[in-house]
Amino acid sequence: MTTDLKAEALNYHSRGPAGKMQTLPTKPMTTQHDLAIAYSPGAAFPCEEIAADPSTAAL
């Protein structure tokens, strides 16, 4: 690796914001209730529907 590329890479990775990627929710998650619907226990219900009828996974 050339010194220039190394210096450039170190500079790139040291700049903010931290990390390289960001994940954003596609549904509202502002309350504890929203989180309960999105994760446990709420996520179990769609899983059960998909288990009963796998074609619903594409919806």
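Structure's up top.
Below is a short write-up of the structure. Note that the coordinates shown come from a computational prediction; the quantities given were computed from them, not determined experimentally.

So, how was this worked out
- Residues numbered from 1 in each chain as written.
- Predicted model: local features only at pLDDT ≥ 70, side-chain atom pairs only at ≥ 80, totals over all residues.
- Heavy atoms only, no water.
- Helix = DSSP H or I, 4+ residues; strand = E, 2+ residues; numbered from the N terminus.
- Rg over C-alpha atoms; globule rule 2.2 N^0.38 Å.
- Buried < 20%, exposed > 50% of the residue type's maximum accessible area, 1.4 Å probe, protein only.
- Areas by Shrake-Rupley, 256 points an atom, 1.4 Å probe, with all protein chains shown as cover.
- Lys, Arg positive; Asp, Glu negative; His and termini not counted.
- Charge placed at Lys NZ, Arg CZ, Asp CG, Glu CD.
- Polar contact = N/O pair within 3.5 Å; in protein donor to acceptor, adjacent residues only side chain to side chain.

## A look at the overall build of the protein chain
A tally of helices and strands in the protein chain yields 3 helices and 0 strands. Taken from the N to the C terminus, the helices and strands of the protein chain come in the order α-α-α. The C-alpha atoms of the protein chain give 21 Å as radius of gyration, which overshoots the globular expectation for 59 residues (10 Å, by more than 25%). Sorting the 59 residues of the protein chain into buried and exposed places 3% on the buried side. Carbon and sulfur atoms form 63% of the exposed surface of the protein chain, whose accessible area is close to 5600 Å². Of the charged side chains in the protein chain, 4 are positive and 6 negative; the average position of the first set lies 18 Å away from that of the second.

## So, the environment of proline 25
Among the secondary structure elements, proline 25 is positioned in the loop between helix H1 (3–14) and helix H2 (32–38). A sequence separation of 23 residues divides proline 25 from threonine 2, and the C-alpha atoms of the two residues are 40 Å apart.

## Here we look at unusual backbone geometry
Omega for the peptide link from glycine 16 to proline 17 comes to -5 degrees, which places this bond in the cis form. Within the secondary structure, proline 17 is located in the loop between H1 and H2. For the peptide bond that leads from serine 40 to proline 41, omega is 5 degrees, which places it in the cis range. As for its position among the elements, proline 41 is in the loop between H2 and helix H3 (44–52).

## What to know about the side chain of aspartate 34
Within the secondary structure layout, aspartate 34 lies in helix H2. In this structure the side chain of aspartate 34 is engaged in a polar contact, spanning 3.0 Å, whose partner is the backbone nitrogen of threonine 30.

## Concerning the environment of glutamine 22
Considering the arrangement of structural elements, one finds glutamine 22 in the loop between H1 and H2. Overall, glutamine 22 belongs to the exposed group, its relative accessible area being 64%. Considering only alpha carbons, one finds glutamine 22 and alanine 9, 13 residues apart in sequence, at a separation of 20 Å.

These results come straight from atomic positions and should not be treated as a statement about function.
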